[in-house]
Amino acid sequence: MVISPKHIFYEVSAVKLVVEIVLKVRDLSVAISGRVIIRNNNVFVERNSVVFLLGPNGSGKSTFLKAIIGYPGVEVISGNIVFEGEDITGKPMEYRVSKGLTLAHQTPPKLTGVRMRQLLEALCKKTGCDPIEIASVLEIKHLLDREFGKGFSGGELKRAEIAMLLAQKPKLPLIDEPDSGVDVDSIEIIASAIKKLISETPYKSTIIVTHSAQISKYIKPTLTCIMVSGEIKFCGGPELLSEVFIHGFRELVRENKREG
Ligand SMILES: Nc1ncnc2c1ncn2[C@@H]1O[C@H](COP(=O)(O)OP(=O)(O)OP(=O)(O)O)[C@@H](O)[C@H]1O
Ligand SMILES: [Mg+2]
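Our subject in this report is the structure included herewith. (Residues numbered from 1 in each chain as written. Chains lettered and ligands numbered in written order. Predicted model: local features only at pLDDT ≥ 70, side-chain atom pairs only at ≥ 80, totals over all residues.)

Some points on the overall build of the protein chain
A count of helical and extended segments in the protein chain gives nine helices and ten strands. Here the C-alpha radius of gyration of the protein chain, 19 Å, is about what a compact globule of 260 residues would show, namely 18 Å. For the protein chain, the spread of C-alpha atoms along the principal axes amounts to about 65 × 45 × 40 Å. Buried positions account for 35% of the 260 residues belonging to the protein chain. In the protein chain, once contacts between residues fewer than 6 apart in sequence are set aside, the share between residues at least 24 apart is 70%. (Helix = DSSP H or I, 4+ residues; strand = E, 2+ residues; numbered from the N terminus. Rg over C-alpha atoms; globule rule 2.2 N^0.38 Å. Buried ≥ 20, exposed ≤ 12 C-beta atoms within 10 Å, placed from the backbone. Contact = placed C-beta atoms within 7 Å.)

Written out as structure tokens, the structure is:
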């Protein structure tokens, strides 16, 4: 075969694609209890890429993250999820977590009888982190001897969940509304912890679901995607964030259809 400059270009591009795309979500449709929640969604997360996912309440953002992590009860009805080149669509959540995916929940579960210190110590034993250092960074040392989540304020719960995320040292963190119900000072604490976490991951990438522009003061998205009624309608640059706050989701989707 004669290798022309064109061939070289294609081959180099193919290698680049394999290396650079960390997570591929292709044509993903998902149902819960037989009801279709999200439809035909495509998202590619590249290396060095911070993806913000925005959308109205109930549009399916949390379900999307839960489908990626393999949450029980969230059923993939079509499409697939490929992480580090491996199709993980049918794999259980534990497997995906062992591979380096981790979800920080929008509403973290409350754990009766399990103290926060025990949880952090167990995770840090696996990953080699320092529980006290993590608790200090997130200013939650006073919560260490309490049952996880029990009676935590909204902001404390968010900081506790991000502490768990840090302790797991994920390769690709999926973060659901880290900034909801959080005061401005706590947002700064949470955002700088997330920033540090991203910088320590091998791919320097993440997906963050958010309703707020606050977190973008500290973490800049490289890609902003808008989900409405279970579908990612379009993605764009960071400028989309301010457009959402000026126009709202529905008008933006209408405008985009007209332009498209
Ligand atoms: N376990 C479940 N059983 C039945 N329906 C569910 C379940 N979980 C989610 N849903 C439904 O799926 C839809 C999408 O919910 P989801 O939590 O993904 O939305 P969201 O975009 O994250 O919303 P918000 O911004 O309010 O967090 C909603 O109509 C919700 O009621
Ligand atoms: Mg949600």
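Still more ground to cover, so stick around.
What to know about the sheet that holds strand E2 (residues 35-46)
Within a sheet, adjacent strands bond to each other through the backbone by hydrogen bonds, running parallel or antiparallel. Strand order in the open sheet formed by four strands is E2-E1-E4-E5, with antiparallel pairing between adjacent strands. Of all the strands in the sheet, the pair left with one neighbour each is E2 and strand E5 (86-87). (Pairing = 2+ DSSP bridges.)

Re the site of ligand 1
Around ligand 1, a shell composed of Ile32, Ser33, Ile37, Gly55, Asn57, Gly58, Ser59, Gly60, Lys61, Ser62, Thr63 and Gln106 is seen. At three residues, helix H2 (residues 61-69) tops the list of elements feeding residues into the shell around ligand 1. For the shell around ligand 1, a count of residues per class yields two nonpolar, nine polar and one charged. (Near = placed C-beta within 6 Å. Nonpolar A, V, L, I, M, F, W, Y, C, P; charged D, E, K, R; others polar.)

Some remarks on the nonpolar core
Counting residues in hydrophobic clusters, the biggest one holds 62 residues, and the most contacted among them are Leu53, Ile162, Ala163 and Ile194. Ignoring any residue separated from it by four or fewer positions in sequence, one finds Ile162 in contact with Ala104, Leu138, Pro178, Ile190, Ala193 and Ile194. (Core = buried A, V, L, I, M, F, W, Y, C linked by C-beta atoms within 7 Å.)

Observations concerning the pairing of E2
Across eight bridges, the pairing between strand E1 (residues 21-32) and E2 is antiparallel. The residue bridging Lys24 from the neighbouring strand is Phe44, located in E2.

Some thoughts on the pairing of strand E6 (residues 101-104)
Where burial is concerned, the two faces of E6 agree: the one with Leu101 and Leu103 and the one with Thr102 and Ala104 are both buried. Sheet topology places E6 next to strand E7 (residues 172-176); four bridges connect them, and they run parallel. The residue of E7 that forms the bridge with Leu101 is Leu172.

Considerations on the sheet that holds E7
Ordered in space as E6-E7-E8-E3-E9-E10, the six strands form an open sheet in which the pairing is mixed. Each edge of the open sheet carries a strand with a single partner, namely E6 and strand E10 (231-236). Neighbour to neighbour, the strand axes of the sheet diverge by 20° on average, direction disregarded. Note that E7 and strand E8 (residues 206-209) share three bridges and pair parallel. Bridge pairing in E8 links Asp176 to Val209. Each of strand E3 (50-54), E6, E7, E8 and strand E9 (223-228) touches H2; the most contacted strand, E7, lies at about 150° to it. Each of E6 and E7 touches helix H6 (residues 154-168); the most contacted strand, E6, lies at about 170° to it. (Axes fitted to C-alpha atoms, helices over the stretch in contact; angles between N-to-C directions.)

Topic: the environment of Arg159
Structurally, the position occupied by Arg159 is in helix H6. Sequence separation between Arg159 and Glu139 is 20 residues, and the spatial gap between their C-alpha atoms is 7.9 Å.

Remarks on the packing of H6 against helix H7 (residues 184-200)
One way to put it is that H6 packs onto H7 with a least axis distance of 11 Å and a crossing angle of 10°. Here H6 is positioned roughly parallel relative to H7, judged by the angle of their axes. Residues Gly155, Lys158, Arg159, Ile162, Leu165 and Leu166 of H6 pack against Ser186, Ile189, Ile190, Ala193, Ile194 and Leu197 of H7. (Parallel < 35°, antiparallel > 145°, perpendicular 65-115°, else oblique.)

Focus: the environment of Leu101
When you line up the elements, Leu101 lands in strand E6. For the pair Leu101 and Lys169, spaced 68 residues apart in the sequence, the C-alpha separation amounts to 9.4 Å. Discounting residues that sit within four places of it in the chain, Leu101 has contacts with Ile68, Ile69, Phe83, Arg96, Pro170, Leu172 and Leu174.

What about unusual backbone geometry?
Backbone geometry places Asn40, a non-glycine residue, at a positive phi of 45°. Tracing the backbone shows Asn40 in strand E2. Accessibility expressed as a C-beta count within 10 Å gives 13 for Asn40, which makes it partly exposed.

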